[in-house]
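Coordinate inspection notes
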Amino acid sequence: MNIKVVSKILDANDRLAETNRRKLKAAGIYTINLMGAPGAGKTSLLECVLDTLKGSLRIGIIEGDIAGADDARRIALYNVPVVQINTGGACHLDANMIGEVLNELPLDEIDMLIIENVGNLVCPAEFSLGEDIKIMVSGVTEGHDKPGKYPLMFRQSNALILNKTDLLPYVNIDMGKFRSDALSLNPEIKIFEVSCKTRDGIGEFCQWLRLQR
Ligand code: MG
Ligand code: ZN
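Bear in mind that the values here come from a model prediction, so they are computed numbers and not experimental data.

Right, let's talk about the coordination of the magnesium ion (ligand 1) for a bit. Ligation of the magnesium ion (ligand 1) by protein atoms is provided by T43 (OG1), D71 (OD) and E116 (OE), these donors lying 2.1 Å from the ion. All donors of the magnesium ion (ligand 1) come from a single chain, and their spacing in sequence reads T-x27-D-x44-E. Note that T43 is positioned in helix 2 (residues 42-53) and E116 in strand 4 (residues 112-116), a separation of 73 residues in sequence. Judged by its relative accessible area of 6%, T43 is buried. With a relative accessible area of 2%, E116 lands in the buried category.

Structure, rendered in structure tokens:
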């Protein structure tokens with residue numbers, strides 16, 4: 001019985017995601033669903049992307065959090081269109097929430113929309129928002145066991161950003177194992193090692209991101 005209810009919810013979500021996708025496509029917008037655990041560096045990565053690409057690409061941002069507008073305030077400093085969604089407890093964004101806020105953005109003035117999902121390695125991967133690609137961020141402080149524990153996230157993501165490489169000397173992580181476990185779940189996943197603090201690897205990631213569009 002439970003399984004039946006869940007599959008119905010996902011069907012409804014997929015229909016709404018398709019509506020979002022059509023609307024975004026019609027406006028010529030390339031859309032990214034950015035996922036990762038709390039503290040992985042999703043907002044920091046957005047700041048780096050805005051710093052690097054803002055001059056050549058019109059970027060809009062949707063921030064998803066359970067509460068508060070801290071991330072939207074950080075993004076607003078870059079003078080780009082930004083909307084904050086507060087889920088009020090829900091641990092992921094869904095297509096309905098995105099559909100509700102799309103009209104708050106100047107869609108005709110945006111080339112790339114990046115949606116920062118709620119910090120969580122589980123259900124964000126289960127709900128399509130109408131995006132073109134999914135990108136996940138994982139801090140090297142989170143350890144190398146994440147692909148084995150949260151396989152769906154890695155299967156669904158087009159790119160994996162291993163962030164905080166400046167901390168590698170201080171943490172016990174087997175980067176080779178992380179990479180090979182991620183690639184065995186998803187041979188197509190593109191892996192970038194970056195530090196949002198030192199900006200190492202950010203240029204390469206942004207170049208790839210621009211080419212996706
Ligand atoms: Mg954030
Ligand atoms: Zn959830």
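Taken together, C91 (SG), H92 (ND1) and C123 (SG) make up the full set of protein donors to the zinc ion (ligand 2), lying 2.0 to 2.2 Å away. All donor residues of the zinc ion (ligand 2) come from one chain, and their arrangement in sequence is C-H-x30-C. Here H92, found in the loop between strand 3 (82-86) and helix 4 (95-101), pairs with C123, found in the loop between strand 4 and strand 5 (133-139); they are 31 residues apart in sequence, far enough to count as distant.

Within the structure shown, the criterion is met by one cavity of 30 Å³ or more. Volume-wise, the largest cavity comes out at about 50 Å³. Taken together, I32, L34, L45, L46, V49, I114, I135, F205 and L209 form the lining of the largest cavity. Where the lining of the largest cavity is concerned, the elements lending two or more residues are strand 1 (30-36), helix 2 and helix 8 (202-212). With three residues, helix 2 is the largest single contributor of residues to the lining of the largest cavity. Here the lining of the largest cavity is built from residues that sort into nine nonpolar, no polar and no charged.

Strand direction decides the pairing type here: strand 6 (residues 159-163) and strand 7 (residues 190-193), joined by four bridges, are parallel. Paired with I161 across the bridge in strand 7 is F192. Regarding topology, helix 7 (residues 175-185) serves as the crossover connection from strand 6 to the parallel strand 7, and that connection is right-handed.

Let's shift gears to the environment of V5. As for its position among the elements, V5 is in helix 1 (residues 2-26). Classification of V5 as partly exposed rests on a relative accessible area of 42%. Separated by 153 residues in the primary sequence, V5 and N158 place their C-alpha atoms 29 Å from one another.

Moving on: the packing of helix 2 against helix 8. Taken N-terminus to C-terminus, the directions of helix 2 and helix 8 make an angle of 75°; their axes are 10 Å apart at the nearest point. When the axes of helix 2 and helix 8 are compared, the pair comes out roughly perpendicular. When helix 2 is examined against helix 8, the residues L45, C48, V49, T52 and L53 are found in contact with a partner set consisting of I202, F205, C206, L209 and R210.

You will see that N79, though not glycine, has its phi angle at about 55°, which is positive. Within the secondary structure, N79 is located in the loop between helix 3 (70-76) and strand 3. The exposure class assigned to N79 is exposed, which follows from its relative accessible area of 67%. A positive phi angle, near 70°, is found at K164, a position not held by glycine. By relative accessible area, which is 23% here, K164 ends up partly exposed.

Further remarks concern helix 2. Given a rise of 1.5 Å per residue, 12 residues ought to cover 16 Å, and the 16 Å separating the end C-alpha atoms of helix 2 matches this to within 8%. Of all the 12 residues making up helix 2, nine are buried; the element is thus mostly covered by neighbouring parts of the structure. For helix 2, every residue scored as buried is listed here: K42, T43, L45, L46, E47, C48, V49, L50 and L53.

For the structure shown, the criterion picks out four aromatic pairs. Here F205 and W208 contribute two aromatic rings whose centre-to-centre distance is 6.2 Å and whose plane-to-plane angle is 25°, an arrangement assigned as stacked. Of this pair, F205 and W208 both sit in helix 8, separated by three residues, roughly a single helical turn. Note on accessibility: F205 and W208 belong to one class, buried. Members of the aromatic cluster, connected to one another through ring pairs, are F192, F205 and W208.

Reading guide: rules and limits
- For every chain, the first residue of its written sequence is number 1, and the numbers climb from 1 along that sequence.
- All chains are assigned letters beginning with A, and all ligands numbers beginning with 1, in the order in which they are written.
- At least 70 in pLDDT is required for a residue's local features to be given in this predicted model, at least 80 for side-chain atom pairs to be given and counted, and no such filter applies to totals for whole chains, interfaces and linings, which use all residues.
- Side-chain measures here rest on the full set of heavy atoms in the structure, leaving out hydrogens and waters.
- Only nitrogen, oxygen and sulfur atoms within 2.8 Å of the metal, or 3.2 Å for Na, K and Ca, are treated as donors, and water is left out, so sites may look incomplete.
- The helix count covers DSSP runs of H or I at least four residues long, the strand count covers runs of E at least two residues long, and both are numbered beginning at the N terminus.
- Burial classes: relative accessible area under 20% of the type maximum marks a residue as buried, over 50% as exposed, and values in between as partly exposed (1.4 Å probe, protein chains only).
- Buriedness for pockets is judged along seven lines, at least five of which must meet protein on both sides within 12 Å for an open set on the 1 Å grid over protein atoms alone, while cavities are sets there where a 1.4 Å probe fits but cannot get out, and lining residues have an atom within 4 Å of a point.
- Grid points are joined across faces, edges and corners, and a volume is the space filled by probe spheres set on the points.
- Note that Gly is not counted as nonpolar here; it falls among the polar residues with everything else outside the nonpolar set of Ala, Val, Leu, Ile, Met, Phe, Trp, Tyr, Cys and Pro and the charged set of Asp, Glu, Lys and Arg.
- A pair of strands is treated as paired once DSSP finds two or more bridges between them.
- With strands facing away from the observer, any crossover in which the path from the first strand over the helix to the second runs clockwise is taken as right-handed.
- Helix axes use the C-alpha atoms of the stretch in contact, all axes being lines fitted to C-alpha atoms, and the angles between their N-to-C directions lie in the range 0 to 180 degrees.
- Geometric relationships in this document are graded by angle, where less than 35 degrees denotes roughly parallel, more than 145 denotes roughly antiparallel, 65 to 115 denotes roughly perpendicular, and other angles denote oblique.
- Here a residue-residue contact requires only that any non-hydrogen atoms of the pair lie within 4.5 Å.
- Here the expected length of a helix is defined as 1.5 Å per residue gap, with one fewer gap than residues.
- Between rings of Phe, Tyr and Trp, where Trp is taken as its six-membered ring, a pair exists when centres lie within 6.5 Å; planes separated by under 30 degrees are stacked, by over 60 edge-to-face, and by other angles tilted.

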